[in-house]
Amino acid sequence: MIRDHRVAVGDRSVRCLEAGAGWPVVLLHAFPLNAEMWRPQLEQVPQGWRFIAPDLRGFGPNAAIAPGGSAPPTMDDFSDDVSGLMDALEIPEATIGGLSMGGYVAFALCRRAPERFTGIVLADTRPQADTAEGRDGRRTLIEVVRTSGAGAVADQMLPKLLGETSQASRPEVVEEVRRMIESAQVEAIAGALEAMLGRPDSTPELATIGWPALIVVGAEDQVTPPADAEAMQRALTRSRLVVIPEAGHLSNLEAPEMFSAALADFLQSHI
Ligand code: MLT
């Protein structure tokens, strides 16, 4: 059973989806989605584990956008929110995983609170900062969302987020992802784009990760392709790489069974 509840973190209220009981696993969502994207994994929590999927700042239903000011959030803010949530839930350490932007948040957490990790899951993500061209693209998308709304962001992003197999044969996944993107608030999207374009290079953090790491990538991921995942695996001493066939960037939604099996196997054999 999945529990949908809110946790008081300082002056904010963070929505979390939770399932299972036992050793904690925190799952951080991609941009511009929300905790709902982890439902397939929350429905298959292995025995002895507790999965916690929070909405990142500004995302999800009734989210507060800019607590305490109007400056756009940074990746460090997102990672401090996760630390604050873990404090509020009285979880000193956990296996912490993120998909794409969730992975960028996990890297920020490696920098700011490495003592929080018992393991890490890096799905369809990469440690590098944006290129100059990538930053320009994000600035354009900020204008798009402010002038044309979240629907225009969905139109632009869906063909990149989903692999060709999903686009051709999984209409329900396409619809679900579109719904999630369209439900995001304009300022949450703009804020996360600012946070992503300003994030530092996390490549140096790879050498500091001594805990077990699971790297997952969809074989059809065009945003953070398998070559990025292979490079991370070479840099991480205790890592396992799983490439999921017929899945794109949102591998956990596109091939939920394979993703959940890879996660369960990693948790049970490495953590
Ligand atoms: C995501 O899935 O979180 C985004 O595609 C990440 C990005 O744009 O770099």
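Here, the structure is the one placed above.
Residues numbered from 1 in each chain as written. Predicted model: local features only at pLDDT ≥ 70, side-chain atom pairs only at ≥ 80, totals over all residues. Heavy atoms only, no water.

Mind showing me how you'd approach the overall build of the protein chain here?
The number of helices and strands found in the protein chain is 12 helices and 8 strands. A compact globule built from 271 residues should have a C-alpha radius of gyration of about 18 Å, and the protein chain, at 17 Å, falls within 12% of that. Reported as C-alpha extents along the three principal axes, the dimensions of the protein chain are approximately 50 × 45 × 40 Å. When the 271 residues of the protein chain are sorted by exposure, 56% land in the buried category. (Helix = DSSP H or I, 4+ residues; strand = E, 2+ residues; numbered from the N terminus. Rg over C-alpha atoms; globule rule 2.2 N^0.38 Å. Buried < 20%, exposed > 50% of the residue type's maximum accessible area, 1.4 Å probe, protein only.)

For this particular structure, what's the right way to read the site of the ligand?
Around the ligand sit Ala30, Phe31, Ser100, Met101, Tyr104, Arg126, Arg138, Leu161, Met196, Val223 and His249, and that is every residue in its neighbourhood. Here Phe31 contributes a backbone N or O atom positioned 2.7 Å from an oxygen atom of the ligand. Within the side chain of Arg138, an N or O atom sits 2.8 Å from an oxygen atom of the ligand. Relative to its free-state accessible area of 270 Å², the ligand is covered by the protein chains to the extent of 95%. For the shell around the ligand, a count of residues per class yields 7 nonpolar, 2 polar and 2 charged. (Near = heavy atom within 4 Å. Polar contact = N/O pair within 3.5 Å; in protein donor to acceptor, adjacent residues only side chain to side chain. Areas by Shrake-Rupley, 256 points an atom, 1.4 Å probe, with all protein chains shown as cover. Nonpolar A, V, L, I, M, F, W, Y, C, P; charged D, E, K, R; others polar.)

Where do I start with the packing of helix H4 (residues 132-148) against helix H5 (residues 150-161) in this structure?
Packed helix pairs are characterised by how far apart their axes lie and by the angle those axes make with each other. For the pair H4 and H5, interaxial distance at closest approach is 7 Å and the crossing angle is 135°. Comparing their axes, H5 and H4 come out oblique. Mapping the contact onto sequence places Leu141, Val144, Val145 and Ser148 in H4 and Ala150, Ala152, Val153, Gln156 and Met157 in H5. For the contact of H4 with H5, the residue count by class is 7 nonpolar, 2 polar and no charged. (Axes fitted to C-alpha atoms, helices over the stretch in contact; angles between N-to-C directions. Parallel < 35°, antiparallel > 145°, perpendicular 65-115°, else oblique. Contact = heavy atoms within 4.5 Å.)

Would you mind showing me how to read the packing of aromatic side chains here?
Geometry of an aromatic ring pair is reported as the spacing of the ring centres plus the angle between the planes. Scanning the entire structure with this criterion turns up 2 aromatic pairs. Taking 6.0 Å as the distance between ring centres and 55° as the angle between the ring planes, the aromatic pair formed by Trp38 and Phe259 counts as tilted. Here Trp38, found in the loop between strand E3 (23-28) and helix H1 (39-42), pairs with Phe259, found in helix H12 (residues 256-270); they are 221 residues apart in sequence, far enough to count as distant. Phe259 shares its class with Trp38; the two are buried. Measuring from ring centre to ring centre gives 4.9 Å for Phe117 and Trp211, while their planes differ by 10°; the resulting arrangement is stacked. One end of the pair, Phe117, is in strand E6 (residues 117-123); the other, Trp211, is in the loop between helix H9 (203-206) and strand E7 (213-218), with 94 residues separating them in the sequence. In terms of burial, Phe117 and Trp211 fall into one category: buried. Taking NZ or CZ as reference, Arg199 lies 3.7 Å from the ring centre of Tyr104, over its face. (Phe/Tyr/Trp six-rings, centres within 6.5 Å; stacked < 30°, edge-to-face > 60°. Lys NZ or Arg CZ within 6 Å of the ring centre and 35° of its normal.)

Would you mind going over the sheet that holds E7 with me for this structure?
The strands making up a sheet associate through hydrogen bonds between their backbones, and the pairing can be parallel or antiparallel. Strand order in the open sheet made by the 8 strands is E1-E2-E4-E3-E5-E6-E7-E8, with mixed pairing throughout. The sheet is open, and its two borders are formed by strand E1 (3-9) and strand E8 (239-244), each paired with just one other strand. Averaged over all adjacent pairs, the angle separating strand axes in this sheet is 25°, with direction ignored. Looking at chain direction, E6 and E7 are connected through 4 bridges and run parallel. Bridge pairing in E7 links Leu122 to Ile215. (Pairing = 2+ DSSP bridges.)

So what exactly am I meant to see when it comes to the pattern of salt bridges here?
Pairs can form between side chains of opposite charge once their charged atoms are near each other. Under the counting rule described, the total for this entry stands at 21 salt bridges. The salt bridge partner of Arg146 is Glu187, with a shortest N-O separation of 2.8 Å. Taken as a pair, Arg146 in helix H4 and Glu187 in helix H8 (residues 186-197) lie far apart in primary sequence, 41 residues in all. Among the residues examined, Arg146 registers a relative accessible area of 48% and is labelled partly exposed. One network of salt bridges, in which partners are shared, links Asp4, Arg15, Glu36, Arg39 and Asp55. (Salt bridge = Lys/Arg side-chain N within 4 Å of Asp/Glu carboxyl O.)

Before we go on, may I ask you to explain the pairing of E3 in this structure?
Within a regular strand, side chains alternate between the sheet's two faces. Within E3, 5 of the 6 residues are buried, leaving the element largely enclosed by the surrounding structure. As paired elements, E3 and strand E4 (residues 49-54) share 4 bridges and run parallel to each other. What sits directly across from Val25, in E4, is Phe51. Bridge count for E3 against strand E5 (residues 94-99) is 4 bridges, and the pairing is parallel. Looking at the pairing, Val26 lines up with Ile96 of E5.

Please clarify how the environment of Arg199 should be interpreted in this entry.
Structurally, Arg199 is set in the loop between H8 and H9. For the pair Arg199 and Thr74, spaced 125 residues apart in the sequence, the C-alpha separation amounts to 7.2 Å. Within the structure, the side chain of Arg199 is placed 2.7 Å from the side chain of Asp130, a separation counted as a polar contact.

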